[in-house]
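Residue-level listing of the chains:
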Amino acid sequence: MQIIVLGASAGGGFPQWNCNCRNCAGVRNGSVKAVVRTQSSICVSGDNCQDWVLLNASPDILQQIKSTPELQPGRMLRDSGIAGVILVDGQIDHTTGLYMLREQKQRLPLWCTDPVYEDLIQGNPILKVLEHYCGVDRQVVAINGSSFEIPKVGGITFSALSLDSKAAPYSSHREQSVPGDNIGLTITDKFSGRRVFYAPGLGARNDAVFQRMCEADCILVDGTFWTDDEMIGWELSSKTARDIGHLPQSGKGGMMEWLSELPVHVRKILIHINNTNPILDEASPQRAELTRYGIEVAHDGMRISL
Ligand code: MLT
Ligand code: MN
Ligand code: ZN
């Protein structure tokens, strides 16, 4: 299977349009060694590398398609390498790109859980609006571990696991999470048996997630914040990372501690990185610490072959 990181940033992107934090200002004026990143999405292909599944539809999708030849039309007048879309939650950074796919000729094949579907009909009614354009052909993502396939994208299977995280602010279950608000996806190559685990919004550790990570050859997991009080420290929010469903990397019980317990053969990559996170600065001590732990930081255009 092939994976392309289309956008490695969290909501807001990097630099964020209205942000003057050290990273955002520094990447604009060249004083920080970092690369710009668009908002959160990856795509995956199985045995043909012509038909791809989009995992999350980023608001930056048009820019992402422009920089990814694999997704561009090549076979007929109206065409796309995107065969379907799977959503891991109903957040703005993962869903509003659906609007940009409205010129799709047939209904857009879309996989999501029931709670996410509800949010996209009610709190953030993208799917209702899309009915005035291409509409979607919605398929249910079950969270009982059963596997599913995407037509046209041969050679890979998907299986979802409900995660401890947070639904979007406009969700009717923002304060009382329900299973399926956020999922992690295991993608398995049917021929080689190799697996990737993708979980850009992961708020807490538990045994089921740890098991999925141990079984994977490569994980792409929540890299939003370095510290739990990162947004409070910048006086940008009163909420901790955990409050909004993201496990910070540092500190007791943090992501680094957790990932250090994984078998050594698991390739560990952080994704969905917030613009305030010091790991974006390639010269920072925090980035050096990650490197010592054998943890990589995803960037737009990163390609993974398994
Ligand atoms: C999140 O995952 O918490 C989001 O990136 C927030 C957002 O998109 O505003
Ligand atoms: Mn997000
Ligand atoms: Zn910033």
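These numbers were taken from a predicted model, which means no experiment stands behind them. (Residues numbered from 1 in each chain as written. Chains lettered and ligands numbered in written order. Predicted model: local features only at pLDDT ≥ 70, side-chain atom pairs only at ≥ 80, totals over all residues. Heavy atoms only, no water.)

### With respect to the site of ligand 1
And step 1. Every residue near ligand 1 is listed here: Gly 11, Gln 91, Asp 93, His 246 and His 272.
And step 2. Take Gly 11: an N or O atom from its main chain is 3.0 Å from an oxygen atom of ligand 1.
And step 3. Considering ligand 1 on its own, with 270 Å² of exposed area, one finds that the protein chains cover 71% of that surface.
And step 4. Across the shell around ligand 1, the residue classes tally to no nonpolar, 4 polar and 1 charged. (Near = heavy atom within 4 Å. Polar contact = N/O pair within 3.5 Å; in protein donor to acceptor, adjacent residues only side chain to side chain. Areas by Shrake-Rupley, 256 points an atom, 1.4 Å probe, with all protein chains shown as cover. Nonpolar A, V, L, I, M, F, W, Y, C, P; charged D, E, K, R; others polar.)

### Looking at the sheet that holds strand 13 (residues 295–297)
And step 1. The mixed open sheet is built from 7 strands, whose spatial order is 7-8-9-10-11-12-13. In this open sheet, the two strands that pair with only one neighbour each are strand 7 (147–150) and strand 13. Strand after strand, the sheet turns through a mean of 25 degrees between neighbouring axes, direction not considered.
And step 2. When strand 11 (residues 218–222) meets strand 12 (residues 267–271), the two strands line up parallel, connected through 5 bridges. Bridge assignment links Val 221 to a residue of strand 12, and that residue is Leu 270.
And step 3. Packing against the sheet, helix 6 (residues 207–215) makes contact with strand 8 (153–162), strand 9 (183–189), strand 10 (195–199) and strand 11, and its axis sits at approximately 155 degrees to strand 8. (Pairing = 2+ DSSP bridges. Helix = DSSP H or I, 4+ residues; strand = E, 2+ residues; numbered from the N terminus. Axes fitted to C-alpha atoms, helices over the stretch in contact; angles between N-to-C directions. Contact = heavy atoms within 4.5 Å.)

### Here's the deal with the sheet that holds strand 3 (residues 52–55)
And step 1. Strand order in the open sheet formed by 7 strands is 6-5-4-3-2-1-14, and the pairing between neighbours is mixed. One side of each edge strand has no neighbouring strand; the edge strands of this open sheet are strand 6 (136–140) and strand 14 (303–305). Within this sheet the neighbouring strands show an average axis-to-axis angle of 25 degrees, counted without direction.
And step 2. Bridging between strand 3 and strand 4 (residues 82–86) involves 4 bridges; their strand directions are parallel. In the strand pairing of strand 4, Leu 55 is matched with Ile 86.

### Some remarks on the coordination of the zinc ion (ligand 3)
And step 1. Within the first shell, the zinc ion (ligand 3) binds the protein through Cys 19 (SG), Cys 21 (SG), Cys 24 (SG) and Asn 275 (OD1), at distances of 2.2 to 2.3 Å.
And step 2. Classification of the site at the zinc ion (ligand 3) as tetrahedral follows from its 4 donor atoms and the range of 100 to 118 degrees in their angles at the metal.
And step 3. Look at where the donors of the zinc ion (ligand 3) fall in the sequence and you get C-x1-C-x2-C-x250-N. Assigned by exposure class, Cys 21 and Cys 24 land together as buried. (Donors = N, O, S within 2.8 Å, 3.2 Å for Na, K, Ca; no water. Tetrahedral: all angles 85-135°; square planar, octahedral: opposite > 155°, others 65-115°. Buried < 20%, exposed > 50% of the residue type's maximum accessible area, 1.4 Å probe, protein only.)

### What about the UniProt feature "domain: Metallo-beta-lactamase" (unreviewed entry) in the chain?
And step 1. Feature annotation in UniProt assigns "domain: Metallo-beta-lactamase" (unreviewed entry) to the following positions: residues 52–273.
And step 2. For residues 52–273, the end-to-end C-alpha separation is 23 Å, with 18% helix and 25% strand making up the annotated structure. (UniProt positions renumbered as here; feature names shortened; annotations may be inferred.)

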